[in-house]
Amino acid sequence: MAGTVHIIGAGLAGLSAAIRLTSQGRAVAVHEATAFAGGRCRSYHDASVGMTIDNGNHLLLSGNHAAIDYLRSIGADHRLIGPKSAEFPFVDLSSNERWTLRFNDGPLPFWLFDPKRRVPGTRPLDYLPLARLLWAPAGKTVGDVIACKGALYDRLVEPLIVAALNIDAPIGAARLAGAIVRETLAVGGRACRPLIARDGLGATLIEPALALLQQRGTAVRFEHQLRGIRFSNGRAEALDFVGETITLGADDAVLLAVPPYAATSLIAGLEAPNEFRAIVNGHFRIEPPADLPPILGVLNSTVQWIFSFPGRVSITVSAGDRLIETPREELAKKLWDEVTRVTGLPAALPPWQIVRERRATFAATPAQDAKRPGAATQWRNLVLAGDWTDTGLPATVEGAIRSGNRAAEFIASS
Ligand SMILES: Cc1cc2nc3c(=O)[nH]c(=O)nc-3n(C[C@H](O)[C@H](O)[C@H](O)COP(=O)(O)OP(=O)(O)OC[C@H]3O[C@@H](n4cnc5c(N)ncnc54)[C@H](O)[C@@H]3O)c2cc1C
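Everything numeric in this text was worked out from a predicted model, so none of it was measured.

## Considerations on the overall build of the protein
Logical step 1: Each helix and strand in the protein was counted, giving eleven helices and 20 strands.
Logical step 2: Computed over the C-alpha atoms, the radius of gyration of the protein is 22 Å, within 12% of the 22 Å expected from 2.2 N^0.38 for a compact globule of 414 residues.
Logical step 3: Projected onto its principal axes, the C-alpha positions of the protein cover 65 × 50 × 40 Å.
Logical step 4: Residues classed as buried in the protein amount to 57% of the 414 residues present.
Logical step 5: For the protein, the accessible surface area stands at approximately 17,300 Å², while carbon and sulfur atoms represent 52% of it.
Logical step 6: Placing the 43 positive and 40 negative side-chain charges of the protein at their respective mean positions leaves the two points 3 Å apart.

See below:
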């Protein structure tokens with residue numbers, strides 16, 4: 001009889017592993033340090049805006065197949081919404097030019113040959129060098145592989161890479177940018193439809209998973225922080241929590257799904273990414289104009305993306321480390337000023353909140369990418385998961401869920 005799998009961390013990696021293992025009938029216990037699940041992908045009630053908001057706007061794409069399968073398995077795939085086809089409206093704040101990228105569904109990129117669908121100021125041949133990213137070796141930066149200038153770079157490649165890798169594009173790992181191109185643009189529009197959790201990350205990705213785990217009799221223990229792991233004879237033999245030690249039976253396993261800085265403090269000598277990048281979000285309580293699309297790319301501005309939700313307009317700045325020290329009110333005013341220029345909303349600052357996640361993701365450079373471990377460890381009953389493990393993807397929802405699935409499969413097959 002298989003023993004209990006102790007999953008440490010109730011972020012998306014831990015939850016997806018828990019869903020996968022319980023669906024195979026495995027006994028699972030989830031231990032979460034904080035009082036809530038979701039980790040870096042969560043909703044909370046915010047007093048400043050007086051509504052439930054997400055810690056950060058999360059964009060998924062229809063090609064994120066592991067995320068969509070996970071949502072299906074928790075009965076929440078209908079909660080991701082997006083346009084029927086792959087459309088990305090943009091506005092350039094310096095010229096006020098507006099355009100919409102419209103990919104066609106199949107892998108043959110007909111959209112490149114239609115000036116109304118491709119990036120303005122580009123020609124079809126400009127897109128060819130992007131193919132170099134597809135085969136980029138580990139160790140190379142985006143800047144090593146493609147020229148980081150020109151209309152295509154400024155208006156498509158840079159915004160895509162900054163959003164997906166959360167790093168200044170030229171220093172990003174080319175292999176990670178290549179994975180994004182391979183799984184989205186190269187597949188065609190059917191993999192590029194933008195999807196958002198309109199009713200919140202919690203209601204979409206987290207709460208349905210917790211409800212399903214509860215139905216399956218799986219306990220999620222909150223405020224149950226793992227402080228140490230005792231090892232002996234090539235296996236983990238006990239888990240030290242605050243005020244409690246769990247001795248592991250011969251068939252018990254541990255699936256560690258915590259961020260890299262927590263994993264390295266629990267496992268001496270573990271090599272893992274140790275540089276991070278911030279993501280800044282601004283949330284404004286105001287009804288968006290009826291014609292504001294769900295997601296709008298903004299160029300030549302601090303704001304990179306504007307998201308429209310019922311009763312709220314939110315903005316995202318990835319690789320936002322330069323904004324960490326800006327006084328909050330000053331930043332809110334600056335961001336709101338840009339939003340009003342794009343949307344025509346009134347200049348008066350509505351109720352607002354700024355959420356700055358300093359360690360939103362590991363820094364997606366080649367050097368940090370090289371530090372990512374796989375799921376297996378030198379201990380036979382301990383596996384790793386998390387967006388920072390070596391998924392071949394940048395730190396994303398899709399990567400976190402794939403890592404959870406992979407770790408669960410590793411345990412199931414061992
Ligand atoms: C602001 C922001 C915006 C983002 N936008 C996007 C986006 O648009 N698209 C996208 O795909 N991705 C986005 N991401 C990335 C995405 O949120 C993450 O990749 C994903 O949530 C990581 O999940 P995880 O389970 O690997 O880690 P985490 O979410 O960090 O989960 C780890 C969990 O472990 C717990 N833990 C830590 N130490 C212990 C311990 N000792 N004992 C017990 N529990 C412990 C933590 O409390 C946490 O709940 C964004 C991230 C942020 C912060």
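Structure shown, so let's carry the discussion forward.
## Description of the sheet that holds strand β6 (residues 80-81)
Logical step 1: One open sheet accounts for three strands, arranged β5-β9-β6; its pairing is antiparallel. Each edge of the sheet is formed by a strand with only one pairing partner; in this case those strands are β5 (59-61) and β6.
Logical step 2: Relative to strand β9 (residues 194-197), β5 runs antiparallel, the two being bridged by three bridges. Looking across to β9, one finds that Leu59 is bridged to Ile196.

## Let's talk about helix α5 (residues 151-165)
Logical step 1: For α5, which comprises 15 residues, the first-to-last C-alpha distance of 20 Å matches the rise-based estimate of 21 Å (1.5 Å per residue) to within 8%.
Logical step 2: The largest bend in α5 comes to about 40°, at Val157, with the proline Pro159 one to four residues further on.
Logical step 3: Within α5, burial applies to Leu152, Tyr153, Arg155, Leu156, Val157, Pro159, Ile161, Val162, Ala164 and Leu165.
Logical step 4: Phi for Asn166, located one or two positions after α5, is positive at around 55°.

## Some details on the site of the ligand
Logical step 1: The immediate surroundings of the ligand are formed by 35 residues, with Glu32, Arg40, His58, Leu59 and Asp387 found nearest.
Logical step 2: A distance of 3.0 Å separates a nitrogen atom of the ligand from a polar backbone atom of Leu226.
Logical step 3: Notes on the ligand: free accessible area 1,000 Å², of which the protein chains cover 92%.
Logical step 4: Listed by contribution, the elements that provide at least two residues to the shell around the ligand are α1 (12-23), β15 (276-285), β19 (352-362) and α11 (397-412).
Logical step 5: Residues belonging to the shell around the ligand are distributed by class as follows: 16 nonpolar, 15 polar and four charged.

## Details of the pattern of salt bridges
Should the charged atoms of two oppositely charged side chains come close, the side chains can pair.
Logical step 1: Counting across every chain of the model gives 20 salt bridges.
Logical step 2: The shortest N-O distance in the salt bridge between Glu357 and Arg42 comes to 3.4 Å. A residue pair is termed long-range when its members are at least 10 positions apart, and Glu357 in strand β19 and Arg42 in the loop between β2 (27-31) and β3 (43-46) qualify at 315 residues. Comparing Glu357 with Arg42 shows no difference in burial state: the two are buried.
Logical step 3: Residue Arg155 is joined to Glu97 by a salt bridge in which the shortest nitrogen-to-oxygen separation is 2.8 Å. Highlighted residues: Arg155 in helix α5 and Glu97 in the loop between β7 (87-92) and β8 (98-102), separated in sequence by 58 residues.

## Let's talk about the environment of Arg123
Logical step 1: Mapped onto the elements of the fold, Arg123 is located in the loop between β8 and α3 (131-134).
Logical step 2: As a C-alpha pair, Arg123 and Leu112 span eleven residues in sequence and 7.6 Å in three-dimensional space.

## Observations regarding the nonpolar core
Logical step 1: In terms of nonpolar packing, the biggest core is built from 67 residues, with Leu165, Leu239, Leu256 and Ile267 touching the most fellow members.
Logical step 2: Sort the elements by how many residues they give to this core and α5 lands first, with eight residues.
Logical step 3: Look past the residues within four positions of Leu256 in its chain and what remains in contact with it is Ile8, Leu226, Ala263, Leu266, Ile267, Leu382, Val383, Leu384 and Ala385.
Logical step 4: With 43 residues, the next largest nonpolar core counts Ala67, Ala197, Val383 and Ala385 among its residues.

## Overview of the pairing of β3
Logical step 1: Relative to strand β4 (residues 51-54), β3 runs antiparallel, the two being bridged by four bridges. Residue Asp46 lies in a different strand from β4, and its bridge partner there is Met51.
Logical step 2: Following β3, the chain reverses through four residues before pairing antiparallel with β4; Gly50 in that reversal takes a positive phi of roughly 65°.

## Here's the deal with the packing of α1 against helix α7 (residues 201-215)
Logical step 1: Packing of α1 against α7 leaves a shortest axis separation of 10 Å and a crossing angle of 35°. For the element pair α1 and α7, the recorded crossing hand is left-handed. Counted together, Leu12, Leu15, Ala18, Ile19 and Thr22 of α1 and Leu205, Ile206, Ala209, Leu210, Leu212 and Leu213 of α7 form the full contact between these two elements.
Logical step 2: The class makeup of the residues in the contact of α1 with α7 is ten nonpolar, one polar and no charged.

## As for unusual backbone geometry
Logical step 1: Unlike most non-glycine residues, Glu223 shows phi in positive territory, near 50°.
Logical step 2: In this fold, Glu223 is placed in the loop between β10 (219-221) and β11 (226-232).
Logical step 3: Judged by relative accessible area, which is 61%, Glu223 ranks as exposed.
Logical step 4: A positive phi angle, near 55°, is found at Asn300, a position not held by glycine.
Logical step 5: Mapped onto the secondary structure, Asn300 falls in the loop between β16 (295-299) and β17 (305-309).

What counts, and at which threshold
- Residues numbered from 1 in each chain as written.
- Predicted model: local features only at pLDDT ≥ 70, side-chain atom pairs only at ≥ 80, totals over all residues.
- Heavy atoms only, no water.
- Helix = DSSP H or I, 4+ residues; strand = E, 2+ residues; numbered from the N terminus.
- Rg over C-alpha atoms; globule rule 2.2 N^0.38 Å.
- Buried < 20%, exposed > 50% of the residue type's maximum accessible area, 1.4 Å probe, protein only.
- Areas by Shrake-Rupley, 256 points an atom, 1.4 Å probe, with all protein chains shown as cover.
- Lys, Arg positive; Asp, Glu negative; His and termini not counted.
- Charge placed at Lys NZ, Arg CZ, Asp CG, Glu CD.
- Pairing = 2+ DSSP bridges.
- Expected span 1.5 Å × (residues − 1).
- Bend = angle between axes of the 7 residues up to and from the residue.
- Near = heavy atom within 4 Å.
- Polar contact = N/O pair within 3.5 Å; in protein donor to acceptor, adjacent residues only side chain to side chain.
- Nonpolar A, V, L, I, M, F, W, Y, C, P; charged D, E, K, R; others polar.
- Salt bridge = Lys/Arg side-chain N within 4 Å of Asp/Glu carboxyl O.
- Core = buried A, V, L, I, M, F, W, Y, C linked by side-chain atoms within 4.5 Å.
- Contact = heavy atoms within 4.5 Å.
- Axes fitted to C-alpha atoms, helices over the stretch in contact; angles between N-to-C directions.
- Left-handed = near helix turned anticlockwise from the far one by under 90°.

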